[in-house]
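# Structural features, examined
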Amino acid sequence: MKRHLTQKVIEQLLPPAKRCWYTDDATRGLTLAHTPNGIKTFYAVRKHRGKVKRHYLGRFPELSLADAKVKASKIAL
């Protein structure tokens, strides 16, 4: 699901019934995985030779959204 990820939006997400993936529409490749037990994890996602590669960036809130955007933009290049 594409949406504009902000600190407030991420903090207010309720735990889903099954794992959800949120893609930031402002930063290319930045994705947030949200699990039913409430864990929120940042990934940088890109396609390489027809396959989707997912790079672990860190968990929220230990890794801030600003830091995740910087890391994702470096990997997406």
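These figures come from a predicted structure and were not determined experimentally.

## A short note on the side chain of Thr31
- On the secondary structure map, Thr31 appears in strand 3 (residues 30-34).
- Each residue touching Thr31, except ones within four places of it in the same chain, is listed here: Trp21, Tyr22, Thr23, Thr41, Phe42, Tyr43 and Val45.

## As for the confidence of the model for the protein chain
- Summary statistics for the protein chain give a mean pLDDT of 93 and a share of 97% for residues scoring 70 or more.
- Per-element confidence in the protein chain is highest for strand 3, whose mean pLDDT is 96, and lowest for strand 1 (residues 2-3), whose mean pLDDT is 86.

## So, the sheet that holds strand 2 (residues 20-24)
- One open sheet holds the 5 strands; their spatial order is 1-2-3-4-5, and the pairing between them is mixed. The sheet is open, and its two edges are formed by strand 1 and strand 5 (51-60), each paired on a single side.
- Here strand 3 pairs with strand 4 (residues 40-48) via 5 bridges, running antiparallel. When the sheet's bridge partners are listed, Leu30 is paired in strand 4 with Ala44.

Reading guide: rules and limits
- Residues numbered from 1 in each chain as written.
- Predicted model: local features only at pLDDT ≥ 70, side-chain atom pairs only at ≥ 80, totals over all residues.
- Heavy atoms only, no water.
- Helix = DSSP H or I, 4+ residues; strand = E, 2+ residues; numbered from the N terminus.
- Contact = heavy atoms within 4.5 Å.
- pLDDT = per-residue confidence, 0-100.
- Pairing = 2+ DSSP bridges.

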